[in-house]
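Okay, here's what each chain looks like letter by letter:
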Amino acid sequence: MSLTAQQLVEELQIFGLECEEAQEMTEKLPELCVLYGQNEEVMLGELIAFCTSTKKDCVTAETLNSFEHEFLSKRWSRARHQASRDSGHAGARDIVSIQELIEVEEEEETLLNSYSTPSKGSQKRDITTPETPLTKRKVSTRSPHQLLSPSSFSPSATPSQKYNLRNNRGEVVTSFGSAQGVSWSGRGGAGIITLKVVGYPESLTGSYKSMFQKLPDIREVLTCKIEELGSELKEHYKIEAFTPVQVPAQESVTLLGQIGCDSNGKLNSKSVILEGDREHSSGAQVPVDLSELKEYSLFPGQVVVMEGINTTGRKLVATKLYEGVPLPFYQPTEEDGDFEQNMVLVACGPYTTSDSITYEPLLDLISIINRDQPDVCILFGPFLDSKHEQVENCLLTSPFEDVFKQCLRTIIEGTRSSGSHLVFVPSWRDVHHEPVYPQPPFSYSDLPPEDRKRVLFVSDPCSLSINGVVFGLTSTDLLFHIGAEEISSSSRTSDRFSRILTHILTQRSYYPLYPPQEDMAIDYENFYSYAQLPVTPDVFIIPSELRYFVKDVLGCVCVNPGRLTKGQVGGTYGRLYLRRQTTEGREERRSPCVAVQVVRI
């Protein structure tokens, strides 16, 4: 039935609406009906509902345009998106997409009922216009399940069965320190938290041009590293002078150099060479005989001072290996403030299982953050893993950058109620990010203004001060890389992890291995500026594929929290309890990390 201009005016007046351009409306309304597939009576009813909900008392051409763009076109695009999704993979709808459908229906029902006449029977909601108008975007009140929609970027977003069937969630698998009486809950945003990146000489804050380095530049960086560590060892052990590596000597001599391998294969006790420094040895090399050393632990790239006999100048018979010396600890200043206690949560990706892209472990982690309200959460990549099956086979329907942003938005807005500070550390396995080491921080231009004070993006690696407690952070699996190349001999029981961690701290570098592991693309000019340890960290977080652990190495609490997922099953995360302990007089330094636990997700 086609409405006349008079009928249209009368219908609008029933609901207290004026109409300035009735004739134009009678022409425009049939067009909208044809365009959006509805009859005139239903379309008129929706227009009245729109005017009532937006508090408009007069219908004009501008009102019609707003009605079309703010209500009709958005509903039409949602319907088209849903139809294409249903036709593409009918029956594969997950709980998130069902929740979205319910939200759309409730929004439309609310809009239509905001002007309806009350019936004689029971009434479900008030007929009056609400005092606070309905907002289109209620992000802060939505659950993480509503924020993250895997079905929007994957055609097979089915939950992982093995992950959901786990029965050991929340189990503490290893602990350190005195956890007795620790509540393992923070104060969220209530406490005063000072986050500061400790750089040497400065911190990496943005991307840079890579793949422009020349071999002489790499050699220069390696030479500087040898000379700097050699100078420290010479001063610490009161060594008079270093001897060139190829000078014959009948008595014992002391040599400075870098451990290398005489071939392209794996290092072994028969293939060790010492590459001398530039100042004393002009970069010359000499083979090393380790048969006289009772204890040693060596890897390629390690800067060492050796004592031995080199009678011909062609082979050094090593008799003594000087141990490396770590840097001093950071001394808190007044700017760092004082604190009674802090809880820090650390987790490392992947954040979804290998057989699913639904990010259920991530959503569970967000629930834990909202429950425990840690003061600081340190989250390591990968957030979208380059090794995930659906990524490798190019099965995702959205760009990698968009999927990452959806994950980031879910974490930031999903934890807003907890008030926890968030620190994001990238990984070379983040498929959307720059695969170079040192790796620049993530860039996220869509960060809401209300979250800018509590969200921090840092580089890999990074030294971060949390109220004066320095954390060493790296997402690179350094334990695995050095462990695959290290050789050792010991007459007593020796812990492999502790040896590798000691090497990292005494070599004063976040990646002392050279040549690096094949997957690593290192820019050595920036490596020298941004991947050196400025101080010995109080806490060193070093996630790895290897088994989780917590160890005290040279006074530094080293934590491998494991990964949040292990293949198709759930993994682990870590939580730390910090309390600065004052020392009087010559009393030994006490670590501010009082207790650590590694917990199953």
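About the cut-offs
- Residues numbered from 1 in each chain as written.
- Predicted model: local features only at pLDDT ≥ 70, side-chain atom pairs only at ≥ 80, totals over all residues.
- Heavy atoms only, no water.
- UniProt positions renumbered as here; feature names shortened; annotations may be inferred.
- Helix = DSSP H or I, 4+ residues; strand = E, 2+ residues; numbered from the N terminus.
- Buried < 20%, exposed > 50% of the residue type's maximum accessible area, 1.4 Å probe, protein only.
- Contact = heavy atoms within 4.5 Å.
- Pairing = 2+ DSSP bridges.
- Axes fitted to C-alpha atoms, helices over the stretch in contact; angles between N-to-C directions.
- 1 Å grid on protein atoms, 1.4 Å probe; cavity = no way out; pocket = protein on both sides within 12 Å on 5 of 7 lines; lining within 4 Å.
- Points joined across faces, edges and corners; volume = space filled by probe spheres on them.
- Nonpolar A, V, L, I, M, F, W, Y, C, P; charged D, E, K, R; others polar.
- Domains from an automatic or database assignment.
- Salt bridge = Lys/Arg side-chain N within 4 Å of Asp/Glu carboxyl O.
- Core = buried A, V, L, I, M, F, W, Y, C linked by side-chain atoms within 4.5 Å.
- Patch = residues over 30% accessible without salt bridge, like charges linked within 9 Å, V, L, I, M, F, W, Y side chains within 5 Å.
- Areas by Shrake-Rupley, 256 points an atom, 1.4 Å probe, with all protein chains shown as cover.
- Lys, Arg positive; Asp, Glu negative; His and termini not counted.
- Charge placed at Lys NZ, Arg CZ, Asp CG, Glu CD.
- Phe/Tyr/Trp six-rings, centres within 6.5 Å; stacked < 30°, edge-to-face > 60°.
- Disulfide = S-S within 2.5 Å.
- Polar contact = N/O pair within 3.5 Å; in protein donor to acceptor, adjacent residues only side chain to side chain.

Labelled according to an unreviewed UniProt entry, the protein appears under the name DNA polymerase alpha subunit B, originating from Rhinolophus ferrumequinum. Regarding the protein, the relevant UniProt record gives this comment under Subcellular location (unreviewed entry): "Nucleus". Of the comments in the UniProt record for the protein, the one headed Sequence similarities (unreviewed entry) reads "Belongs to the DNA polymerase alpha subunit B family."

S.K.: Outline the overall build of the protein, listing residues and values.
M.R.: Each helix and strand in the protein was counted, giving 15 helices and 24 strands. Taken over 601 residues, the protein has a buried fraction of 50%. Across the protein, the fraction of contacts at a sequence separation of at least 24, relative to all contacts at a separation of at least 6, is 73%.

S.K.: Break down the sheet that holds strand S10 (residues 316–321) for me, with residues and values.
M.R.: In space, the five strands of this closed barrel follow the order S5-S6-S7-S10-S9, with mixed pairing throughout. Each neighbouring strand pair of the sheet contributes to a mean axis angle of 55°, computed without reference to strand direction. Each of strand S5 (249–261), strand S6 (272–276) and strand S9 (303–310) is contacted by helix H8 (residues 215–236), which is oriented at about 135° to S5, the strand it contacts most.

S.K.: Please give an account of empty space enclosed by the protein that cites residues and values.
M.R.: Evaluation of the coordinates by the stated rule reveals two cavities of 30 Å³ or more. One number sums up the size of the largest cavity: a volume of about 110 Å³. Lining the largest cavity are 17 residues, with Val198, Gly199, Pro461, Ser463 and Tyr530 sitting closest to its centre. Listed by contribution, the elements that provide at least two residues to the lining of the largest cavity are strand S15 (462–466) and helix H15 (524–530). Each residue belonging to the lining of the largest cavity can be placed in one class, and the counts come to ten nonpolar, six polar and one charged. There is about 30 Å³ of room inside the second largest cavity. Every residue along the wall of the second largest cavity is listed here: Leu222, Lys225, Tyr511, Pro512, Leu513, Tyr514, Tyr524 and Phe527. When contributions to the lining of the second largest cavity are tallied by element, the ones reaching two or more residues are H8 and H15.

S.K.: An account of the layout of surface pockets is needed here, citing residue identities and associated values.
M.R.: Once rolled over the atoms, a probe with the size of a water molecule shows which space is left empty. Of the pockets and cavities examined, the second largest pocket occupies roughly 800 Å³. As for the second largest pocket, its lining consists of 35 residues, of which Ser297, Leu321, Glu323, Thr502 and His503 are closest to the centre. Those elements that place two or more of their residues in the lining of the second largest pocket are H8, strand S8 (296–298), S9, S10, strand S17 (487–489) and helix H14 (496–507). With six residues, the top contributor of residues to the lining of the second largest pocket is H14. Residue composition of the lining of the second largest pocket, by class: eleven nonpolar, 14 polar and ten charged. When residues are assigned to domains, the lining of the second largest pocket turns out to be shared by domain 2 (169–178 + 190–201 + 340–486 + 495–581) and domain 3 (215–321), each giving three or more.

S.K.: Provide a residue-level description of the pattern of salt bridges, including the pertinent values.
M.R.: Summed over the entire model, instances satisfying the criterion amount to 17 salt bridges. In this structure, Arg371 engages Asp372 in a salt bridge whose closest nitrogen and oxygen atoms are separated by 2.8 Å. Judged by its relative accessible area of 9%, Asp372 falls in the buried class. Between Arg429 and Glu545 there is a salt bridge whose closest N-O contact spans 3.0 Å. Residue Arg429 is located in the loop between strand S13 (421–425) and strand S14 (455–457), and its partner Glu545 is located in the loop between strand S18 (539–541) and strand S19 (549–553); the two are separated by 116 residues in the primary sequence. When its relative accessible area of 37% is taken as the criterion, Glu545 is described as partly exposed. Each of Asp385, Arg429, Glu545, Arg563 and Lys566 takes part in salt bridges that share partners, so that together they form one network.

S.K.: Outline the nonpolar core, supporting the account with residue identities and numerical values.
M.R.: Judged by nonpolar contacts, the single largest core of 38 residues is most densely connected at Tyr351, Tyr359, Leu365, Phe424 and Tyr573. Where this core is concerned, the elements lending two or more residues are strand S11 (342–348), helix H10 (360–372), strand S12 (376–380), helix H12 (400–414), S13 and S14.

S.K.: Explain a negative patch on the surface to me, using residue names and the numbers behind them.
M.R.: A cluster of acidic residues, Glu18, Glu20, Glu21, Glu24, Glu27, Glu31 and Asp57, forms a negative patch at the surface. It is helix H2 (residues 22–36) that provides the largest number of residues to the negative patch, a total of three residues. Mapped onto the elements, Glu20 comes out in the loop between strand S1 (18–19) and H2. The class of Glu20 is exposed, set by a relative accessible area of 57%.

S.K.: Talk me through the packing of aromatic side chains; I want residue IDs and the actual numbers.
M.R.: Per the stated rule, a full pass over the model turns up 17 aromatic pairs. Judged by centre distance (6.1 Å) and plane angle (65°), the rings of Phe383 and Phe404 are edge-to-face. With a gap of 21 residues between them, Phe383 in the loop between S12 and helix H11 (389–392) and Phe404 in helix H12 connect regions that are remote in the sequence. Overall, the relative accessible area of 2% leaves Phe383 in the buried class.

S.K.: Now, about the side chain of Asn342: what can you tell me, with residues and values included?
M.R.: Relative to the elements of secondary structure, Asn342 occurs in strand S11. Those residues in contact with Asn342, other than ones at most four positions away along the chain, are Arg187, Ile193, Asp375, Asn467, Leu576, Tyr577 and Leu578.

S.K.: Account for the state of the cysteines, naming residues and giving values.
M.R.: Enumeration over the complete set of coordinates arrives at zero disulfides. Left unpaired, Cys51 is separated from the closest cysteine sulfur, that of Cys58, by 9.0 Å. Cys51 sits in the buried class, given a relative accessible area of 1%.

S.K.: How would you sum up the pairing of strand S16 (residues 469–473)? Please name residues and give values.
M.R.: For S16, the buried fraction is high: five of the five residues fall into the buried class. Burial of S16 is two-sided: the residues Val469, Phe471 and Leu473 facing one way and the residues Val470 and Gly472 facing the other way are all buried. Note that S15 and S16 share five bridges and pair antiparallel. When the bridges of S16 are listed, Cys462 appears paired with Leu473. The loop that links S15 with its antiparallel partner S16 comprises two residues; one of these, Asn467, has a positive phi angle of about 50°. By the bridge criterion, three bridges tie S16 to S18 in an arrangement that is parallel. From the neighbouring strand, Gly472 faces S18, where its bridge partner is Phe540.

S.K.: Give me the lowdown on the side chain of Thr506, citing residues and values where you can.
M.R.: Within the secondary structure, Thr506 is located in helix H14. A distance of 3.3 Å separates a polar side-chain atom of Thr506 from the backbone oxygen of His503. Those residues within four positions of Thr506 in sequence are excluded, and the remaining contacts are Leu229, Gly324, Val325, Pro326 and Leu554.

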